[in-house]
Amino acid sequence: MNILLTAKQRGSTNVLAPVARELSQRGHNLKLYATGNETEAAGFLGLEYEPIHPADDSFLQLVNGYDAVVVGLSGHDTPDGHFLRAANSVGIPTIAAQDQNSNYQGRLGTNPADLPTILAVMSEDCIETARNELGGEMGEEAAKRSRVIGWTVFDHYAQMRKDFTDETRAELLAGVGVDPENPVYVHFTQTMHPNCAYMARVDKDFNEKVKSFLYEQGITQFTFEAASDLGLKLVVKPHPGEEFGRNYTQELAGRHDFTFVPARRCNTQQLILAAYSVTAGRSTCLTESTLLDRNTGGLIPDMGEEWISPFPPMALGAIPYTQEWEGIKGVLEQVTSKDREIVCRLAEGRKRFSVDGNASKRLADLVENWR
């Protein structure tokens, strides 16, 4: 088959890249267009792609001759949307891949005729969200065309779990000064000082940077105090962006006699795999830890509902989390518990957001057999 794959935003290029590799291995002729900026196109790195910025009247010509068109869903008025509608208009099968369970109307519009032949989504929850957000005929039709394929971008996490051995764990923990015979409770921080190099690149008002720093410092302090009250010895790893003249997280960890692991000392995913539990605030570590099948807890006190949807483990109810300061101790108690009933309940919850390593194959199957 001659297949066109195209995406603009980084989330979409990340989703399509492993699918492109799978389709290429199956012998199909592929053309990849990246229509975003250099950072967005970086999701296609390692693949042969062409960066383009097509004119509005060029999309019909660009889809001509393909047996299927696979698009990311960066937005209705982005090149992704134009490619989708162009292919639909000439009867070419279209497969659109969603990268998050939100903003379906912003990405698909309000006209049922603009829907793809197949809408590839990550979980059953996505189908209901699409139905509700789009509403009416559009929502019902989108639900009919939806197929659950999983999280292609995280397929490799399944192999990471398999490859992590007891020997690897022991070597890693010994290297950071942690006894591998004891359970390891990891907490990730991101207390970036307003004047640090990392924050200098962030386009925010200085007062907002100060507010964020004080908030994250408060979470760190409150979490450390709660852990100490519970008799837990945390292993603490900061965000690389915390590098500054004074290391506030390290100082606080020292006061509680916790093990501080410098940001660049070891691989984050391997440290997660070595852990019994992981806690974090507004961090992608929540996603990584859940997919790596570790007891995971989210700590987002004073954060509204808008801070839940970007983090699938919390949005899907796959992990315990708290939006209250007084709830931090309870989350720590749950994820560090050895009680069999609690352990089993946490493991069952993580099934709502998990990977088996085959999402890319399922999406490739849809492309080959779109009917």
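The coordinates are above.
Quantities reported herein were computed from a predicted structural model and do not represent experimental measurements.

**Structural notes on the pairing of strand β12 (residues 295-299)**
Thinking step 1. The buried count for β12 comes to five of five residues, which makes it a mostly enclosed element.
Thinking step 2. Side chains Asn 295, Gly 297 and Leu 299 project from β12 onto one buried face, and the interleaved Thr 296 and Gly 298 project onto a second face that is buried too.
Thinking step 3. Of the pairings in the sheet, the one linking strand β11 (residues 277-280) to β12 comprises four bridges and is parallel in character. In the sheet register, Val 278 faces β12, and the bridge partner there is Thr 296.
Thinking step 4. Handedness of the crossover joining β11 and β12 through helix α14 (residues 285-291): right-handed.
Thinking step 5. The pairing of β12 with strand β13 (residues 321-322) spans two bridges and is parallel. Looking across to β13, one finds that Gly 298 is bridged to Tyr 321.

**Some words on the pairing of strand β2 (residues 29-34)**
Thinking step 1. Of the strand pairs in this sheet, strand β1 (residues 2-7) and β2 are connected by six bridges, and their pairing is parallel. When the sheet's bridge partners are listed, Ile 3 is paired in β2 with Leu 30.
Thinking step 2. Note: β2 against strand β3 (residues 50-51), two bridges, orientation parallel. Looking at the pairing, Ala 34 lines up with Pro 51 of β3.

**A short note on helix α4 (residues 79-89)**
Thinking step 1. A large share of α4 lies buried, amounting to eight of its 11 residues.
Thinking step 2. By the burial criterion, the buried members of α4 are Pro 79, Asp 80, Gly 81, Phe 83, Leu 84, Arg 85, Ala 86 and Ala 87.
Thinking step 3. Count one or two residues on from α4 and you reach Gly 91, which has phi positive near 80°.

**Observations regarding the sheet that holds β1**
Thinking step 1. The strand order across the open sheet built from seven strands is β3-β2-β1-β4-β5-β6-β7, with neighbouring strands paired in parallel fashion. Unpaired on one side and paired on the other, β3 and β7 (146-148) mark the two borders of the sheet.
Thinking step 2. Most of the contacts of helix α7 (residues 136-145) go to β7, to which it runs at about 40°, and overall it touches β6 (118-121) and β7.

**Here's the deal with the side chain of Thr 220**
Thinking step 1. For Thr 220, the position within the fold is in helix α11 (residues 206-229).
Thinking step 2. With sequence-adjacent residues up to four places away left out, Thr 220 is seen in contact with Thr 189, Thr 191 and Leu 252.

**What about the packing of aromatic side chains?**
Thinking step 1. Counting across every chain of the model gives 12 aromatic pairs.
Thinking step 2. With centroids separated by 5.8 Å and ring planes inclined at 45°, the aromatic side chains of Phe 44 and Tyr 49 adopt a geometry described as tilted.
Thinking step 3. Centroid distance Tyr 215 to Trp 325: 6.0 Å. Interplanar angle 70°. Geometry classified as edge-to-face. Of this pair, Tyr 215 sits in helix α11 while Trp 325 is found in the loop between β13 and α16 (328-336), placing the two residues 110 residues apart along the sequence.
Thinking step 4. Residue class for Tyr 215 comes out buried when judged on its relative accessible area of 12%.
Thinking step 5. Residue Trp 325 is classed as partly exposed on the basis of its relative accessible area, which comes to 22%.
Thinking step 6. Counting every residue linked through ring pairs, the aromatic cluster contains Trp 151, Phe 154, Tyr 157 and Phe 353.
Thinking step 7. Just above the ring of Trp 307 sits the side chain of Arg 282; from NZ or CZ to the centre is 4.7 Å.

**Here's the deal with the sheet that holds β13**
Thinking step 1. Judged by pairing direction, the sheet is parallel, and its six strands sit side by side in the order β10-β9-β8-β11-β12-β13 without closing on themselves. The sheet is open, and its two edges are formed by β10 (259-260) and β13, each paired on a single side.
Thinking step 2. Pairing of strand β8 (residues 185-189) with β11, which is carried by four bridges, proceeds in the parallel orientation. Looking at β11, one finds that Phe 188 is bridged to Ala 280.
Thinking step 3. Relative to strand β9 (residues 234-238), α11 is tilted by about 165°, and along the sheet it contacts β8, β9 and β12.

**Quick word on the state of the cysteines**
Thinking step 1. Applying the stated rule across the entire model yields zero disulfides.
Thinking step 2. Left unpaired, Cys 266 is separated from the closest cysteine sulfur, that of Cys 285, by 11 Å.
Thinking step 3. On the basis of relative accessible area, Cys 266 is assigned to the buried category, the value being 13%.

Calculation notes
Along each chain, numbering runs from 1 in the same order as the chain's sequence is written. Whole-chain, interface and lining totals are the exception, using all residues; otherwise, since this is a predicted model, local features are given only for residues with pLDDT of at least 70 and side-chain atom pairs are given and counted only at 80 or more. To obtain the side-chain values, all non-hydrogen atoms of the structure were included, while hydrogens and water were left out. The cut-offs for exposure are 20% and 50% of the maximum accessible area for each residue type, with area from a 1.4 Å probe on protein chains only; residues under the lower value are buried, those over the upper are exposed, and the others partly exposed. Comment: elements are numbered from the N terminus, with helices defined as DSSP H or I runs of at least four residues and strands as E runs of at least two. Here, any two strands with at least 2 DSSP bridges between them count as paired. A clockwise path from the first strand over the helix to the second, with the strands pointing away from the viewer, defines a right-handed crossover. Any two residues whose heavy atoms approach within 4.5 Å are treated as being in contact. A fitted line through C-alpha atoms serves as each axis, taken over the contacting stretch for helices, and the angle formed by two N-to-C directions is quoted from 0 to 180°. Each Phe, Tyr or Trp ring, with Trp reduced to its six-membered ring, pairs with another whose centre is within 6.5 Å; inter-plane angles below 30 degrees give stacked pairs, above 60 give edge-to-face pairs, and intermediate values give tilted ones. For a lysine, the NZ atom is tested; for an arginine, the CZ atom; a charge sits over a ring if that atom is within 6 Å of the ring centre and within 35 degrees of the ring normal. Note on disulfides: each one is a pair of cysteine sulfur atoms within 2.5 Å.

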